[in-house]
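Results of the structural survey
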Amino acid sequence: MESLTVREIVRAVHGTLLCGDPDTEISYISIDSRDIQENTLFTPIIGERVDAHKFLKQVFENGAKAAFTSRGAIVDETKPHILVEDTQEALGDLAIYYRSKFPVPVIGITGSVGKTSTKEMIAAALATKFRVLKTAGNQNSNIGVPLTLYRLGPEHEIAVVEMGISDFGEMDALVRFAAPETAVVTNIGVAHIGILKTQENIMKEKLKIAKDFKPGQNLYLNGNDPMLYEAAGDYPENAHLFGHQTAESGDASGNFEYYAKNIHIKDGKQHFTFVWPQGETSVEIRQIGLHNVNNAVVAMAIAMAYGIDPEMAKEGLAAYAGVPMRQQILHLNNGIKVIDDTYNASPDSIKSGLQVLELLDNPGKKIAVLADVLELGDMSWQCHYDTGCFVSGCGIDEVVAVGEEMKALVQAVNEKNPSIITHSFMNNDDAAAYLKTIVGPGDALLVKGSRGMHQEEIVELLRDWFAPGTDYVCE
């Protein structure tokens, strides 16, 4: 982060300096009392359980130079206290001001599933020509997007920003912060449907990412998603459809501007032909699954829009290794493969993970270890049951379920396809203990669940049992 003075910050957030030197230099913004670096401005967020104002004294003792406050209490008169009405809003207002100092093009990524992997692939393709800022991890919220923007510097030439929402109105704020000139919507699923209620509402909110777009600004929509395919007609001057060839789409040339055909797996990697209006080229990526093909297609399309030759862009994609805990394939002893997809889960991402499990060329059993999908509200039972109906049609041998909500998925699998073995457990330890007794040479496992279910515990136990003391290979 480039330095700002407290005086600048007060003006940017329409705050009031209660005490301290207005010429104090700030070069780091933190919302975590444990993360205090040189010249830090601390922003105390008021959460459901903790009001971080209680850490003000501690952060100043640990070296923070200044802090926002909405409480008005002064804990150290020698340090700048900036009074604001709402500290989280101040975090965003300051991000708008800071982002204006670096007028680089911003590409915004949203969607129900696949935002992070799409962001990473786009960044990998763009990095073949530009110095790229990208969202760290999944800092994609009303707090995460400002923190991403604070990392902008004069060295950056372009930014790829993940923009995630879970409630009405949140995309409006993210657009104010990031001001994207190009946008991608990966798909419309049921993540956060407990709050947003319908898929139509989810799509309406996500498409606000392009609400300020002018003619010629590019909105890339996944044409394999029926809702987005239809929505493209509402953006005649902006929308570009991308996707992969299917039996229904035919050669796609009349519908998709950018698409993949001749999709196949060879030597453990995904291969396809990338097609655009003026030509085509062969592409290789390390990630398996049609959703990853779509991610790569839109990455190629955006790279081309920013003047990168397709032959150069595909080299960036070929080198991209993937994101930890997001469909990373671990190779353990005796040919055992584990798809570590434990970062988070939704019904749609479970389907994507199962697709990858089906595609693995392992000689043994295919086992899906699935834990509860959280934040589905009143729709939880139905969403889990519907996902179970999908699972029942997959080419897998066994489902090991963890959690109360997963009982609905197990019920659906038992009803629709009794040939798939199912076992249900209430905690990770019991599920892992069972897996230890049944996993054998050549087996492949998908491990997936919501962040709060901590499925990485199962992955670590599998590693300890089936690759002890070794550095397992990761694709």
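Residues numbered from 1 in each chain as written. Predicted model: local features only at pLDDT ≥ 70, side-chain atom pairs only at ≥ 80, totals over all residues. Heavy atoms only, no water.

**Details of the state of the cysteines**
To keep it simple, the criterion reads: In this description, the term disulfide denotes a pair of cysteine sulfurs within 2.5 Å.
This structure, assessed with the given rule, holds 0 disulfides. Among the cysteines around Cys389, which has no disulfide bond, Cys394 carries the closest sulfur, lying 11 Å off.

**So, the pairing of strand 21 (residues 421-425)**
Put simply, the rule reads: If DSSP finds at least two bridges between two strands, the strands pair. What counts as a helix is a DSSP run of H or I of at least four residues, what counts as a strand is a run of E of at least two, and both are numbered from the N terminus. Viewed with both strands pointing away, a crossover whose connecting path from the first strand over the helix to the second turns clockwise is right-handed.
For strand 20 (residues 398-402) and strand 21, the ladder comprises 5 bridges, and the chain directions are parallel. The residue bridging Ala401 from the neighbouring strand is Ser424, located in strand 21. Taking the sense of rotation as the criterion, the β-α-β connection linking strand 20, helix 14 (residues 406-416) and strand 21 turns out right-handed.

**Description of the pattern of salt bridges**
In plain terms, the rule: A carboxyl oxygen of Asp or Glu within 4 Å of a side-chain nitrogen of Lys or Arg is what we treat as a salt bridge.
The full count for this structure, using the stated rule, is 20 salt bridges. A salt bridge links Glu8 to Lys101, with the nearest nitrogen and oxygen atoms 3.7 Å apart. Of this pair, Glu8 sits in helix 1 (residues 6-13) while Lys101 sits in the loop between helix 3 (87-100) and strand 8 (106-110), and the two are 93 residues apart along the sequence. Residues Lys134 and Glu120 are paired through a salt bridge, measuring 2.6 Å at the closest nitrogen-oxygen approach. Of the two residues, Lys134 sits in strand 9 (residues 132-134) while Glu120 sits in helix 4 (residues 115-126), which places them 14 residues apart along the sequence.

**Comments concerning the nonpolar core**
The condition that has to hold: Within this scheme, the nonpolar core is defined by two criteria: the residues are buried Ala, Val, Leu, Ile, Met, Phe, Trp, Tyr or Cys, and they are joined through side-chain atoms within 4.5 Å. Under the scheme applied here, a residue whose accessible area is under 20% of the maximum for its type counts as buried, over 50% as exposed, and between as partly exposed, the area being computed with a 1.4 Å probe on protein chains only. Any two residues whose heavy atoms approach within 4.5 Å at even a single point are treated as in contact.
Membership of the largest hydrophobic core comes to 89 residues, with the highest contact counts inside it found for Leu94 and Leu219. No other element matches helix 6 (residues 170-178), which puts 6 residues into this core. With residues up to four places along the chain from it excluded, the contact list for Leu94 reads Leu4, Ile9, Ala12, Val13, Ile29, Leu41, Phe68 and Tyr150. One finds Met121, Ala124, Val184 and Tyr258 within the second-largest nonpolar core, a separate group that totals 36 residues.

**Focus: the side chain of His384**
Our working definition: Identification of polar contacts relies on pairs of N or O atoms within 3.5 Å, with a donor-acceptor requirement for protein atoms, meaning one able to donate a hydrogen and the other able to accept it, and with residues adjacent in sequence counted only if both atoms are side-chain atoms.
Positionally, His384 belongs in helix 13 (residues 380-392). Polar contacts involving the side chain of His384 include one to the main-chain amide nitrogen of Val373, which spans 3.0 Å. If near-sequence neighbours (up to four positions away) are discounted, His384 is found in contact with Asp372, Val373, Leu376, Glu405, Met406, Ala408 and Leu409.

**What to know about the packing of helix 10 (residues 290-305) against helix 11 (residues 310-319)**
Basically, it comes down to this: Whenever a helix is involved, its axis is fitted only over the stretch in contact; in every case the axis is a line through C-alpha atoms, and angles between N-to-C directions fall within 0 to 180 degrees. With respect to orientation, any angle under 35 degrees is reported as roughly parallel, any angle over 145 as roughly antiparallel, any angle of 65 to 115 as roughly perpendicular, and every other angle as oblique. Left-handed describes a crossing in which the near helix is turned anticlockwise from the far one by less than a right angle; the clockwise case is right-handed.
Interhelical geometry of helix 10 versus helix 11 gives an angle of 135° and a closest axis separation of 9 Å. Here helix 10 lies oblique to helix 11, going by the angle between them. Once helix 10 is placed against helix 11, the crossing between them reads as right-handed. Here helix 10 contributes Ala296, Ala299, Met300, Ala303 and Met304 to the contact with helix 11, which in turn contributes Pro310, Ala313, Lys314 and Leu317.

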